[in-house]
Amino acid sequence: MPTLHVCPLSRLPETVAATDASHVLTLINVGTPLERPAAIAAENHVVIGVSDIAASRDGHVLPAEEHVARVLDFIRAWPREKPLVIHCYAGISRSTAAAYIAACALAPERDEAAIAEALRAASPSATPNPLFVAIADRMLGRDGRMVAAIARIGRGADAFEGTPFSLALA
């Protein structure tokens, strides 16, 4: 069964090595130094330059439909033979939103609330970026159910960075 793995930037190399991942999705502020793990082919790594914000802020890139579309395109193209690692700087907000979006997109028959509960069980600190989730909810035709499910699990536990975790797709 294919799995998604989420981690902070500081744990990217070890998470890729431990999971034998073939693909990496990076969501990080524009200009943040980043080195692709050697085990990941360039064509299997996508970097989306976006800030972890939910409202406009000077000097930052607000999540938009184009960012969510790139997430969806990448995860749909992922062959699912080996794990996919999704990371952001802290492994708490952008990456957990992308993992939730991926799970919803790749398993459209799954209940949004069940996926959100699985996310919370896997990561007590997960606090998915609400704007990412709202955009994806519209794009996936989930009629507000993704937004409601994430609101239901609430803000995660305070943490400087998240602990790496996995999320099954089924």
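Here, the structure is the one placed above.
Every chain's residues receive numbers from 1 upward, in the order its sequence appears when written. The predicted origin of the model limits local features to residues at a pLDDT of at least 70 and limits the giving and counting of side-chain atom pairs to 80 or more, whereas totals for whole chains, interfaces and linings rest on all residues. Think of the side-chain values as coming from all heavy atoms in the structure, minus any hydrogens and water.

Chemist: What's the story with helix α3 (residues 94-106) in this structure? I'm lost.
Modeler: Since the α-helix packs 3.6 residues into each turn, any two residues three or four apart lie on the same face. Between its first and last C-alpha, α3 extends 18 Å over 13 residues, near the 18 Å set by a 1.5 Å rise per residue. Among the 13 residues of α3, 13 are classified as buried, and the element is accordingly described as predominantly covered. The secondary structure listing takes helices from DSSP runs of H or I that are at least 4 residues long and strands from runs of E that are at least 2 residues long, numbered from the N terminus. What a helix should span is 1.5 Å times the count of its residues minus one. Three labels apply to residues, based on accessible area from a 1.4 Å probe with only protein chains included: buried if under 20% of the type maximum, exposed if over 50%, partly exposed otherwise in between.

Chemist: Would you explain the environment of I86 in this entry?
Modeler: Checked against the element boundaries, I86 lands in strand β4 (residues 84-88). Separated by 79 residues in sequence, I86 and C7 place their C-alpha atoms 6.7 Å apart.

Chemist: Whenever I open this one, the pairing of strand β1 (residues 3-8) confuses me. Can you help?
Modeler: Residues in a regular strand project their side chains so that they alternate between the two faces of the sheet. Among the 6 residues that make up β1, 6 are buried, leaving the element largely enclosed by the rest of the structure. Where burial is concerned, the two faces of β1 agree: the one with T3, H5 and C7 and the one with L4, V6 and P8 are both buried. Paired strands are those between which DSSP finds at least two bridges. Where β1 and strand β5 (residues 165-168) come together, 4 bridges link them in antiparallel fashion. Counterpart to L4 in the pairing with β5 is L167. The sheet contact formed by β1 and β4 spans 5 bridges and is parallel.

Chemist: Sorry if this is basic, but what is going on with helix α1 (residues 12-19) here?
Modeler: Within the span of α1, buried status applies to L12, T15, V16 and T19. With its buried residues spanning 100° around the axis, α1 presents them on a single face. With respect to the buried face of α1, the exposed residues turned more than 90 degrees away are P13, A17 and A18. Each element contacted by the buried residues of α1 is listed here: β1, β2 (23-28) and β4. At the C-terminal side of α1, D20 shows a positive phi close to 55°. Directions are taken from the helix axis to each C-beta atom, and the arc is the one they span. By definition, residues are in contact when any of their heavy atoms lie within 4.5 Å.

Chemist: In this structure, what is going on with the side chain of T19? I would like to understand it.
Modeler: Mapping T19 onto the fold places it in helix α1. Polar contact is defined as a pair of N or O atoms within 3.5 Å, subject to the rule that within protein one atom must be able to donate a hydrogen and the other to accept it, and that residues adjacent in sequence are counted only when both atoms are side-chain atoms. A polar side-chain atom of T19 sits 2.8 Å from the main-chain carbonyl oxygen of T15. Apart from the residues within four sequence positions on either side, T19 is in contact with H5, P83 and V85.

Chemist: For this particular structure, what's the right way to read the side chain of S51?
Modeler: Here S51 shows up in the loop between β3 (45-49) and α2 (65-77). Not counting chain neighbours up to four residues away, the residues in contact with S51 comprise N29, H60, V61, P63 and R94.

Chemist: What's the story with the sheet that holds β2 in this structure? I'm lost.
Modeler: Either a parallel or an antiparallel arrangement is found when strands of a sheet pair, and the pairing is made through backbone hydrogen bonds. Strands sit in the order β3-β2-β4-β1-β5 across an open sheet of 5 strands; the sheet is mixed. Of all strands in the sheet, those with a lone pairing partner are β3 and β5, marking the two edges. Geometrically, the sheet is characterised by an average inter-axis angle of 20° between neighbouring strands, direction not taken into account. Between the N-to-C directions of two axes lies an angle of 0 to 180 degrees, each axis being a line fitted to C-alpha atoms and, for a helix, fitted only over the stretch in contact.

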